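Summary of the model geometry
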Amino acid sequence: EASEASSEERAGGGAEGRQVNRMTKKAKKNKGHRTSVMRTSSRRLSDSADNLGVGGDFNVNASQVTRELERELRREEKERLREEASTGLLREMLDISSTLEDGVAAIVDDSFTKCFNKATPTVWNFNFYLFPLWLAGLVVRYVVLFPIRLAFLLSTFFTFNVVFFLSRLLLPKSAFKTRFEKLIVRCICICWVASWTAVITCHGPRPVASKGRVWVSNHTSMIDWLVLSQVTPFATVMQKHPGWLGVIQTYIMDGFGCIYFNRKEAKDREKVALRIKDYVKNDGGFPLLIFPEGTCVNNRYSTMFKKGAFELDAAVCPIAIKYNKIFVDAFWSSRTQSFGMHLVELMTSWAVVADVYFLEPQHKQPGETSIEFAARVQKMIAKKARLKVVPWNGMLKYFSPS
């Protein structure tokens, strides 16, 4: 113990010695600084005397010299402190700049990712008398309802698609053919919506196809098109998908004017823009639906609207879709879930509940840019669907930071 105590004393003494040395060096530095200031002041007083025309023997009042020295010392000290303060502040800012950058990045990332998070299901089977009810409901939904819904969907979907294909192949182009195909498409969408036992409440006048109009809506899932088309069949602009969904797009949805794009192909944007303009100018038969967000958002936020749909010199008809999450969250996160599993999730729920609001057509105002027009329509949709507008580009979720 005595040896440990002596070691601590030596360590403490060494630390105190180093501190004393530092203070001594600082004092010497300040002393040298004051000496140089005094020499400078003396030289300035001597120069002043020479300027007055008197020699070096001129007797200067001692109090005057003292005041001059004090003023010079104060001025020099203020400059030194100001320089040290600015240098120290700059050094501290540089030291914490990486921390601030990481913090801001975390805040932005958190605000951005909130737009694409599914709602957490509310747990209610937490006690002995609720758990049996929850278990019974689980059995009914997966063992009884799901097989019935799946069989209904497959049979009706196959039947109506065969009828639609024969119509495209055999009937001549005419107004009757267009009406007949619209009816078939609507029946297909009604069957899809019925397979989820969906309850869709529509508000406002139903859309009617007309030249010089385009419809825009917030985007939560690919079922948005089905929900809207069971009211009025829409042609739409959408991402080209692989697998069985791509087969439906190619052989069915192509038949009524849907326009596809590939996010990975930059040249597709120009082609798609030209096709959209041509479709709006020439009445395509089916009203054209565009999702300006360009990606699915979780129906709690509204990401930035792209300006393409607002540069067409056409009337823009806003549509707001609000899903009720009481039974299931209708948001489709394509990064974490396939569309097939998304449909299974919907078909094993009790019901999909949604409100659809068809709003008044909007026109670009004098002096209004396309970006301002898009932002104005976005605010209208967000207000009606009770969404929070955020400035982020939703397409950024497809890119990983380097």
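Source: prediction; values computed, not measured.

Quick look at the environment of Arg179 now. Summarising the element assignment, Arg179 is placed in helix α4 (residues 175-194). For the pair Arg179 and Phe286, spaced 107 residues apart in sequence, the C-alpha to C-alpha distance is 9.8 Å.

The next thing to look at is the pattern of salt bridges. Here the structure, examined in full by the defined rule, presents four salt bridges. One salt bridge in this structure joins Glu181 and Arg168, with 3.2 Å as the shortest N-O distance. Residue Glu181 is located in helix α4, and its partner Arg168 is located in helix α3 (residues 131-170); the two are separated by 13 residues in the primary sequence. With its nearest N and O atoms 3.7 Å apart, the salt bridge here joins Lys307 to Glu311.

Turning our attention to the pairing of strand β8 (residues 353-358). A regular strand places its side chains so that they alternate between the two faces of the sheet. Of all six residues in β8, five are buried, a share of seventy percent or more. As paired strands, strand β7 (residues 315-324) and β8 are joined by six bridges and run antiparallel to one another. Residue pairing across strands places Lys322 opposite Asp355, the latter belonging to β8.

Before going further, it helps to spend a moment on empty space enclosed by the protein. Enumeration over the complete set of coordinates arrives at two cavities of 30 Å³ or more. The volume enclosed by the largest cavity comes to roughly 220 Å³. Lining the largest cavity are 16 residues, and of these Trp192, Trp225, Leu226, Ile248 and Met253 lie nearest its centre. In terms of residue class, the lining of the largest cavity is built from 15 nonpolar, one polar and no charged.

This part takes up the packing of α3 against helix α8 (residues 339-347). Relative to each other, α3 and α8 sit at 125°, their axes nearing to 10 Å. Considered as vectors, α3 and α8 are oriented oblique to each other. Note on element contacts: α8 touches α3 through Val344, Leu346 and Met347, opposite Phe146, Arg149, Leu150 and Leu153. For the contact of α3 with α8, a count of residues per class yields six nonpolar, no polar and one charged.

This brings us to the packing of aromatic side chains. Counted according to the given criterion, the structure contains eight aromatic pairs. Aromatic pair Trp332 and Phe339: ring centres 5.1 Å apart, planes at 65°, arrangement edge-to-face. Judged on exposure class, the residue Trp332 and its partner Phe339 are both buried. Grouping aromatic residues by their ring pairs yields a cluster made of Phe305, Phe310 and Phe373.

Attention now goes to the sheet that holds strand β5 (residues 288-290). Read across the sheet, seven strands follow the order β1-β8-β7-β2-β5-β3-β4 without closing on themselves; strand pairing throughout is mixed. The sheet is open, and its two borders are formed by β1 (199-203) and β4 (259-261), each paired with just one other strand. The average undirected angle you get between the axes of adjacent strands in this sheet is 25°. Two strands pair when backbone bridges link them, and strand β2 (residues 213-217) and β7 are joined in this way by five bridges, in the parallel orientation. Bridging across to β7, Ser217 finds its partner in Ile319. Strands in contact with helix α9 (residues 370-385) are β2, β7 and β8; relative to β7, the strand with the most contacts, it is inclined by about 30°.

Quick look at the packing of α3 against α4 now. Following both chains from N to C, one finds α3 and α4 inclined at 170°, their axes separated by 9 Å at the closest point. Considering their axes alone, α3 and α4 lie roughly antiparallel with respect to each other. For the pair α3 and α4, the crossing hand works out as left-handed. On the side of α3, the interface is formed by Phe152, Leu153, Thr156, Phe157, Phe160, Asn161, Val163, Phe164, Ser167 and Arg168, while α4 contributes Lys177, Phe180, Glu181, Ile184, Val185, Cys187, Ile188, Cys191, Trp192 and Ala194. When the residues that make up the contact of α3 with α4 are grouped by side-chain class, the tally is 14 nonpolar, three polar and three charged.

Okay, the layout of surface pockets next. There is about 750 Å³ of room inside the second largest pocket. Lining the second largest pocket are 21 residues; nearest its centre among them are Pro121, Trp124, Arg141, Ile326 and Phe327. Grouping the constituent residues of the lining of the second largest pocket by class yields 11 nonpolar, six polar and four charged.

Cut-offs and rules
Residues numbered from 1 in each chain as written. Predicted model: local features only at pLDDT ≥ 70, side-chain atom pairs only at ≥ 80, totals over all residues. Heavy atoms only, no water. Helix = DSSP H or I, 4+ residues; strand = E, 2+ residues; numbered from the N terminus. Salt bridge = Lys/Arg side-chain N within 4 Å of Asp/Glu carboxyl O. Buried < 20%, exposed > 50% of the residue type's maximum accessible area, 1.4 Å probe, protein only. Pairing = 2+ DSSP bridges. 1 Å grid on protein atoms, 1.4 Å probe; cavity = no way out; pocket = protein on both sides within 12 Å on 5 of 7 lines; lining within 4 Å. Points joined across faces, edges and corners; volume = space filled by probe spheres on them. Nonpolar A, V, L, I, M, F, W, Y, C, P; charged D, E, K, R; others polar. Axes fitted to C-alpha atoms, helices over the stretch in contact; angles between N-to-C directions. Parallel < 35°, antiparallel > 145°, perpendicular 65-115°, else oblique. Contact = heavy atoms within 4.5 Å. Phe/Tyr/Trp six-rings, centres within 6.5 Å; stacked < 30°, edge-to-face > 60°. Left-handed = near helix turned anticlockwise from the far one by under 90°.

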